[in-house]
Amino acid sequence: MKAVVVQNYTAIDDVQLAHVPMPELTPGSVRVRVRAVGIGFVDGLKVQGLYQTKDPLPFIPGTEFAGEVDGVADGVSEYSAGMQVMGMVRSGALAEYVVVPMEALRILPDGISPEAGASFRVNYLTAHYALTERAKLQSGEQMLVLGAAGGVGTAAIQLGKIFGARVIAAASTEEKREFALGLGADAAIDYNRPNWREELKDLTENRGCDVIVDPVGGAISLEAFRSIAWNGRHLVIGFAAGNIPALPFNLPLLKGGTLLGVDLAQVPRREPEVYQRTLRDLFRLLGDRRLRPAVGRIFEFERFYDAFKTLAGRRALGKVVVRVAR
């Protein structure tokens, strides 16, 4: 089969498609013919060896996928050939076929495309866990979403509205702000403008935001925290801007604010019951059509590197997807 293979930690331009052996079924596993793969910012870091954990070389990147069951191991009765599924793995999805434990899969709901299925699990799990388990978001609270047009941002907008928050989307271009408003945000601001915090103050009637969703990092994170409401919660999710900010300790003291880390990768191991409960709630919302994954640009398999470059250049609207097969 064809797969994207990382032989050495390197720039995405140096990674190529290669022919590799078809993955073999193992006890309790399912082989899936991959149709679409969702690409996130973390995937790009892993390819370059810049993520906090490193995959053993060589490896096939890609975490989130959708496709159809190609085969099942003996004893697996929940899935059969031809079933449409979506799933998540540590790595290996950017290939024509992937073998995963059956627990890693869910049935793709009727009417949900493979591209949408591959755009769902990582971002919506992150946003749901962040808002419910970490921030304890309450109905009526005001929520600021930085990087609002990206994968986590778009998920946070939709979930924030479902949970009853007033959502203010912050993004760097008019196109991104319009995209966020189209997903249900109540207002949108340009955080590149020198006076954007004054605009935020007006939008929140001088209160500031109760919850800040922050997958961006950099200088904008410090500015946002300075506008947090009393007893506000700032969710640290990632550093798409490339810089990790340093927060002066006097700011949480003066603001009565809390900095909360969100690392979804550790949740299945450290909080398995919470993880499964969150997953069930998300699939219920997806099946009820209350969530609609924000699929952004779709790249064909042979142009997979353009998906990574779009993310690295912070040009993405919604989830970037690589279409492996039609």
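Look a little higher up for the structure.
Residues numbered from 1 in each chain as written. Predicted model: local features only at pLDDT ≥ 70, side-chain atom pairs only at ≥ 80, totals over all residues. Heavy atoms only, no water.

With respect to the environment of Gly287
Considering the arrangement of structural elements, one finds Gly287 in helix α10 (residues 272–287). Note on Gly287: relative accessible area 35%, which makes it partly exposed. A sequence separation of 114 residues divides Gly287 from Thr173, and the C-alpha atoms of the two residues are 32 Å apart. (Helix = DSSP H or I, 4+ residues; strand = E, 2+ residues; numbered from the N terminus. Buried < 20%, exposed > 50% of the residue type's maximum accessible area, 1.4 Å probe, protein only.)

Here's the deal with the side chain of Thr204
Relative to the helices and strands, Thr204 is located in the loop between α6 (196–203) and β11 (209–214). A relative accessible area of 1% places Thr204 in the buried class. Looking at Thr204, its side chain comes within polar contact range of the main-chain nitrogen of Gly208, at 3.0 Å. When residues no more than four places from it in sequence are discounted, the contact partners of Thr204 are Gln142, Ile168 and Cys209. (Polar contact = N/O pair within 3.5 Å; in protein donor to acceptor, adjacent residues only side chain to side chain. Contact = heavy atoms within 4.5 Å.)

Some words on the environment of Ala73
Following the sequence through the fold, Ala73 ends up in the loop between β4 (64–72) and β5 (84–88). On the accessibility criterion, Ala73 (10% relative accessible area) is buried. Each C-alpha atom, one on Ala73 and one on Thr26, is 6.4 Å from the other, the two residues being 47 residues apart in sequence.

Some details on unusual backbone geometry
Residue Leu57 is joined to Pro58 through a cis peptide bond whose omega torsion reads -15 degrees. Checked against the element boundaries, Pro58 lands in the loop between α1 (41–48) and β4. Within the chain, Glu205 stands out as a residue other than glycine whose phi angle is a positive 55 degrees. Among the secondary structure elements, Glu205 is positioned in the loop between α6 and β11. In this structure, Asn206 takes a positive phi of about 70 degrees despite not being glycine. A relative accessible area of 60% places Asn206 in the exposed class.

Structural notes on the nonpolar core
Side chains of a nonpolar character, in soluble globular proteins, are inclined to be buried together. In terms of nonpolar packing, the biggest core is built from 49 residues, with Met143, Ile157, Val213 and Leu235 touching the most fellow members. Looking at this core, the elements that each hand over two or more residues are β5, α3 (121–134), β8 (142–146), α4 (151–162), β9 (166–171), β11 and α10. Top element by residues in this core is α10. It accounts for seven residues. Discounting chain neighbours no more than four positions away, the residues touching Val213 are Leu131, Met143, Leu144, Val145, Leu146, Ala156, Leu235 and Ile237. (Core = buried A, V, L, I, M, F, W, Y, C linked by side-chain atoms within 4.5 Å.)

So, the pattern of salt bridges
Counted under the stated rule, the structure contains 20 salt bridges. The residue Asp55 makes a salt bridge to Arg90 at a minimum N-O spacing of 3.5 Å. With Asp55 in the loop between α1 and β4 and Arg90 in the loop between β5 and β6 (97–101), the pair connects residues that are 35 residues apart, well separated along the chain. Across the pair Asp281 and Arg284 runs a salt bridge whose closest N-O atoms are separated by 2.3 Å. Pair noted here: Asp281 and Arg284 are both in helix α10, with a separation of three residues, about one helical turn. Since its relative accessible area comes to 41%, Arg284 is described here as partly exposed. (Salt bridge = Lys/Arg side-chain N within 4 Å of Asp/Glu carboxyl O.)

Overview of the packing of aromatic side chains
Scanning the model with the defined rule gives four aromatic pairs in all. Between Tyr9 and Phe59 the ring centres are 6.3 Å apart and the planes differ by 50 degrees, which places this aromatic pair in the tilted class. Of the two residues, Tyr9 is situated in the loop between β1 (2–5) and β2 (16–19) and Phe59 in the loop between α1 and β4; the sequence distance between them amounts to 50 residues. In this structure Tyr9 comes out as partly exposed when scored by relative accessible area, which is 27%. Taking the centre distance of 4.9 Å and the plane angle of 25 degrees together, the rings of Phe120 and Tyr124 count as stacked. (Phe/Tyr/Trp six-rings, centres within 6.5 Å; stacked < 30°, edge-to-face > 60°.)

Considerations on the environment of Val85
Take Val85: it is sitting in strand β5. Put simply, Val85 and Arg106 are 21 residues apart on the chain and 5.6 Å apart in space, counted from C-alpha to C-alpha. Not counting residues up to four positions away in its chain, the partners in contact with Val85 are Val32, Ala66, Gly67, Val69, Tyr79, Leu105, Arg106, Ile107 and Leu108.

Remarks on the sheet that holds strand β10 (residues 187–190)
Here we have six strands laid out as an open sheet, ordered β10-β9-β8-β11-β12-β13, and parallel in their pairing. Edge positions in the sheet fall to β10 and β13 (258–261), since each of these pairs with one other strand and no more. Neighbour to neighbour, the strand axes of the sheet diverge by 20 degrees on average, direction disregarded. Where β8 meets β9, five bridges bridge the pair, whose relative direction is parallel. Looking across to β9, one finds that Leu146 is bridged to Ala170. In the packing of helix α5 (residues 174–182) onto the sheet, contacts are made with β9 and β10, and the angle to β10 comes to roughly 165 degrees. Set on the sheet, α6 makes contact with β8, β9, β10 and β11; between it and β10 the angle comes to about 165 degrees. (Pairing = 2+ DSSP bridges. Axes fitted to C-alpha atoms, helices over the stretch in contact; angles between N-to-C directions.)

Looking at the packing of α3 against α4
The interhelical angle for the contact between α3 and α4, taken along N-to-C directions, is 55 degrees, at an axis separation of 8 Å. In terms of axis orientation, α3 runs oblique to α4. Where α3 crosses over α4, the two elements pack in a sense that is right-handed. Contacts between α3 and α4 involve Asn123, Tyr124, Thr126, Ala127, His128 and Leu131 on the former and, on the latter, Gly151, Val152, Ala155, Ala156, Gln158, Leu159 and Gly160. Split into classes, the residues belonging to the contact of α3 with α4 amount to seven nonpolar, six polar and no charged. (Parallel < 35°, antiparallel > 145°, perpendicular 65-115°, else oblique. Left-handed = near helix turned anticlockwise from the far one by under 90°. Nonpolar A, V, L, I, M, F, W, Y, C, P; charged D, E, K, R; others polar.)

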